There are 2 protein chains.
Amino acid sequence: MPWELKADRPIYAQLIEQIELKICSGIYAPGSRLPSVRDLAREASVNPNTMQRALAKLEEDGLLYSTRTSGRFVTEDDNVIYQVKNKLAQEQIQDFLKKMKQLGFENKEILSMLKTMLEEVKR
Amino acid sequence: MPWELKADRPIYAQLIEQIELKICSGIYAPGSRLPSVRDLAREASVNPNTMQRALAKLEEDGLLYSTRTSGRFVTEDDNVIYQVKNKLAQEQIQDFLKKMKQLGFENKEILSMLKTMLEEVKR
DNA sequence: ATTATTGTATTAAGCACTTAATACAATAAT
DNA sequence: ATTATTGTATTAAGTGCTTAATACAATAAT
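Small disclaimer: the values here were computed from a predicted structure and weren't measured. Here the residue numbers are simple positions, counted from 1 along each chain's written sequence. Starting at A for chains and at 1 for ligands, labels are handed out in the order in which the entities are written. Given that the model is predicted, a residue must reach a pLDDT of at least 70 before its local features are reported, and side-chain atom pairs must reach 80 or more before they are shown or counted; all residues, however, enter totals for whole chains, interfaces and linings. Hydrogens and water are ignored here; the side-chain numbers use all heavy atoms of the structure.

Participant: When you look at the overall build of chain A in this model, what are you seeing that I'm missing?
Facilitator: When its secondary structure is counted, chain A shows five helices and two strands. Where helices and strands are cited, they refer to DSSP runs of H or I of at least four residues and of E of at least two residues respectively, numbered from the N terminus. Moving toward the C terminus, one meets the helices and strands of chain A in the order α-α-α-β-β-α-α. The C-alpha atoms of chain A give a radius of gyration of 17 Å, which is well past the 14 Å a tight globule of 123 residues would have. Counting only C-alpha atoms, chain A reaches 55 × 35 × 30 Å along its principal axes. Each residue is assigned to one of three classes by its accessible area relative to the maximum for its type, calculated with a 1.4 Å probe on protein chains only: buried under 20%, partly exposed between the two thresholds, exposed over 50%. Across the 123 residues of chain A, 38% fall into the buried class. Whether two residues are in contact is decided by their heavy atoms: any pair within 4.5 Å suffices. Intrachain contacts of chain A at a sequence separation of at least 6 include 46% that bridge at least 24 residues. For chain A, the computed accessible surface area is about 7100 Å², with 49% contributed by carbon and sulfur atoms. The charge count treats Lys and Arg as positive and Asp and Glu as negative. His and the chain ends do not count. A charge is said to be at NZ when it belongs to Lys, at CZ for Arg, at CG for Asp and at CD for Glu. Computed over 19 positive and 18 negative side-chain charges, the separation of the two mean positions in chain A equals 2 Å. When we talk radius of gyration, it's over C-alpha atoms, and the globule rule is simply 2.2 Å times the number of residues to the 0.38. Computed by Shrake-Rupley with a 1.4 Å probe, the accessible areas treat only the displayed protein chains as cover when residues are assessed.

Participant: Explanation requested: helix α4 (residues 78-103) of chain B in the structure shown.
Facilitator: Every α-helical turn comprises 3.6 residues, leaving residues that sit three or four positions apart pointing alike. Residue and element names in this part refer to chain B. Expected span, for any helix, means 1.5 Å times one less than how many residues it has. In a regular helix each residue adds 1.5 Å, so 26 residues correspond to 38 Å; α4 covers 37 Å between its end C-alpha atoms and thus fits that length. Among the residues of α4, those classed as buried are Ile81, Val84, Lys85, Leu88, Ala89, Ile93, Phe96, Leu97, Met100 and Leu103. For this analysis, a polar contact is any N or O atom pair within 3.5 Å, provided that within protein one partner can donate a hydrogen and the other can accept it, and provided that sequence-adjacent residues contribute only side-chain to side-chain pairs. By the N-cap criterion, in which a side-chain oxygen at the helix start approaches the backbone nitrogen of a residue two or three places on, α4 is capped by Asp77, the distance to Asn79 being 2.9 Å. Gly104 sits one or two positions beyond α4 and adopts a positive phi of about 105°.

Participant: How should I be thinking about the environment of Gln102 of chain B in this particular structure?
Facilitator: Along the chain, the position of Gln102 of chain B falls in helix α4. With 18 residues separating them along the chain, Gln102 of chain B and Val84 of chain B place their C-alpha atoms 27 Å apart.

Participant: Help me out: how do you make sense of the protein's contact with DNA strand C in this one?
Facilitator: Nearness of a residue to a molecule or strand requires only that one of the residue's heavy atoms be within 4 Å of it. In the neighbourhood of DNA strand C, 24 residues make up the surrounding shell, with Pro10, Ile11, Asn49 and Thr69 of chain A together with Arg72 of chain B lying closest. Near-protein atoms of DNA strand C (within 4 Å) split between backbone and bases, with sugar and phosphate holding 65%. In the model, a phosphate oxygen of DNA strand C is placed 2.8 Å from a nitrogen or oxygen of the Thr50 of chain A side chain. In this structure, a base oxygen belonging to DNA strand C sits 2.9 Å away from a side-chain N or O atom of Arg38 of chain B. At the level of secondary structure, the elements contributing two or more residues to the surface near DNA strand C comprise α1 (11-24) and α3 (48-60) of chain A together with α2 (37-43), α3 (48-60), β1 (64-67) and β2 (71-74) of chain B. Classification convention: Asp, Glu, Lys, Arg as charged; Ala, Val, Leu, Ile, Met, Phe, Trp, Tyr, Cys, Pro as nonpolar; all other residues, Gly among them, as polar. For the surface near DNA strand C, a count of residues per class yields five nonpolar, 11 polar and eight charged.

Structure, rendered in C-alpha cells:
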C-alpha cells in the first residue's frame with residue numbers, strides 16, 4: 001500500500017492517519033520496528049521533519065515509542081491498539097451517517113445503497 | 001444548521017462542501033437566491049474573499065450562477081443537483097468502505113456495526 | 001439621475017505547513 | 001575507541017490560506 005498524499009490537507013495529518021491505519025490493521029504489527037524517520041520520509045516522498053512530526057504525535061497517543069538509537073516501535077499493548085481501532089471505526093461511521101443524512105438520505109436508503117455497493121465490490 | 005469550520009483543513013474547501021450539502025438537501029432550494037457574499041461571510045465568520053472563493057468554485061461546477069447585481073442563485077436545473085447529490089453519496093460510501101476495510105473490518109462487521117449505530121441514533 | 005446593493009478584483013500582511021540544510025545526542029555495531 | 005545509525009532540534013526560505021482594506025463595475029430600486 002503506497003502513500004497517498006493529497007494537497008488539500010496538511011501532509012502531516014494524512015501521515016498520522018495512514019500510519020494509524022497500518023498499526024490498527026496489523027500491517028505494522030505490535031512490537032515491530034518501523035523504518036527510520038529518514039527512510040519513512042524517503043518512502044513517502046516527504047521531508048523528514050514532516051514525518052517526524054507525524055510520528056511524534058502517534059507517540060504522544062501511545063501507539064508508538066522510541067528508544068534513543070535503536071529505532072521506533074509499535075506499542076506491544078494490544079489493548080491500546082484495539083481501543084484506537086474502535087474509536088476510529090466509530091468516528092468513521094458517525095461521520096458517514098452525518099454526511100449522508102445532511103445530503104438528505106434516510107436510514108433505509110443509506111443501508112440499501114451500502115448493500116448495493118458491497119455487492120458490486122465483491123465482483 | 002450553523003457553519004462548522006475546523007482548523008485542520010482549508011476553510012474555503014469546507015465552505016464548498018457545506019454549501020454543496022445545503023443545495024443537495026434542498027435547504028438552498030433550486031432557483032432560490034443566496035444571501036450576498038458579504039452576508040454569507042458574516043454569517044460564517046469568514047472573510048468575504050474566502051467565501052467568494054468557495055462560491056466561485058460552486059459556480060464553476062454549475063450549482064450556482066450569479067447575475068451582476070441582483071445576487072447569486074441556486075441553479076434551477078434539478079438534474080444537475082441530482083447528479084451532484086448522487087456523486088457525493090457514492091464518494092461518501094466508497095471512502096467509508098475503504099477506510100473501514102483498511103482498519104481491518106469485514107463486510108459483515110461493517111454492516112452490523114452500522115445497523116447498531118442506526119438503532120442507537122433512533123433513540 | 002441618484003443611491004444602494006450586488007459581484008468582482010487587487011494589494012498587503014500574517015500565519016501555518018512544508019521543505020531544506022544542518023547539527024547535536026545517544027547508543028548499537030564494529 | 002571508533003563508526004554508523006538512530007531520534008531530535010534549529011534556522012531559514014518558499015508556498016498557500018486567510019484576513020483586511022479598498023476599489024471598481026453593473027444594475028435594481030428610488
